[in-house]
Amino acid sequence: MDVKFPIGKLDVPEEVTHENVKEWLSQIKTYTDRLRETVGDLSDEELNKIYREGSWNVRQLVHHITDSQLNMYQRLKLALTDDGPTVPGFNQDEWAKQPDNELPVEVSIKLLEGLNERIIAQCENLTAEQLERYFIHETNGKITVATKVAKLAWHEEHHLEHIKIALSK
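A brief report on the enclosed structure follows. All residue numbers refer to position in the chain's written sequence, counted from 1. Restriction of local features to residues with pLDDT of at least 70 applies here, the model being predicted, together with a cutoff of 80 or more for giving and counting side-chain atom pairs; totals for whole chains, interfaces and linings are based on all residues. As a convention, hydrogens and water are excluded, and side-chain values are obtained from all of the structure's heavy atoms.

### Topic: the sheet that holds strand E1 (residues 86–87)
Now for step 1: Across the sheet, 3 strands lie side by side as E1-E2-E3; this open sheet has mixed pairing. Because the sheet does not close on itself, it has two edges, and the strands there are E1 and strand E3 (141–144).
Now for step 2: Here 4 bridges tie strand E2 (residues 134–137) to E3, and the two strands are oriented antiparallel to one another. Looking across to E3, one finds that His 137 is bridged to Gly 141.
Now for step 3: Here a residue-residue contact requires only that any non-hydrogen atoms of the pair lie within 4.5 Å. Each axis is a line fitted through C-alpha atoms, taken for helices only over the stretch in contact, and angles between the N-to-C directions span 0 to 180 degrees. Helix numbers and strand numbers start at the N terminus; a helix is a DSSP run of H or I with at least 4 residues, a strand a run of E with at least 2. Contacts from helix H3 (residues 58–81) reach E1 and E2, with the element oriented near 125 degrees to E2.
Now for step 4: In the packing of helix H7 (residues 145–167) onto the sheet, the strands contacted are E2 and E3, and the crossing angle to E3 comes to about 75 degrees. Two strands are counted as paired when DSSP detects at least two bridges linking them.

Next up, the structure:
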């Protein structure tokens, strides 16, 4: 197993269907329960575990998941409301060093819970035309709404697996 990409890299079908979107939203819908089940009762020692040398610890991963989903949600909304907007990246490593990342993980899980509800509400009735809308990421180029929905689901699962690997050590 590639510890850096334990569930594989993001793989978006060439033609995204409503079934694909439904599956991704189903993962997002149950995610915070699964995350809370995994990290909810961890000690500080467990929250400080890492999944590979030089990686973020479990606490940082939980906060990063929420930080990243917030950024991706904003990009999704911009793609749906503006015409091909350009969006900035965000320095994940610097975000991970900010003081709010020392808060209990439940703070980020609660925020993620509400955010995921909004993502589901926003995406459950997307039209084929809306799935093709896009934004321009300043580094990664053109990204469609379909790809962003796939990444919202994949990103959460990707880091949940990192957390499970860290906790198994």
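Back to the write-up after that little detour.
### Thoughts on the packing of aromatic side chains
By convention here, two paired aromatic rings are described through the distance between centres and the angle between planes.
Now for step 1: Side-chain rings of Phe, Tyr and Trp, where Trp is taken by its six-membered ring, are said to pair if the distance between their centres is within 6.5 Å; with planes under 30 degrees apart they count as stacked, over 60 as edge-to-face, and otherwise as tilted. One pass over the full model with this rule turns up 1 aromatic pair.
Now for step 2: Summarising the aromatic geometry, the rings of Phe 90 and Trp 95 are spaced 4.8 Å apart at their centres and angled 65 degrees between planes, so their arrangement reads as edge-to-face.
Now for step 3: Burial here depends on accessible area, computed with a 1.4 Å probe over protein chains only, as a share of the maximum for the residue type. Under 20% is buried, over 50% is exposed, and the range in between is partly exposed. Since its relative accessible area comes to 33%, Trp 95 is described here as partly exposed.
Now for step 4: Two conditions define a charge sitting above a ring: the NZ of Lys or the CZ of Arg must be within 6 Å of the ring centre, and it must be within 35 degrees of the ring normal. Lys 9 extends its terminal NZ or CZ atom over the ring of Phe 5, reaching a point 5.1 Å from the ring centre.
Now for step 5: For Lys 142, the ring lying beneath its charged end belongs to Tyr 134, and the centroid distance is 4.4 Å.

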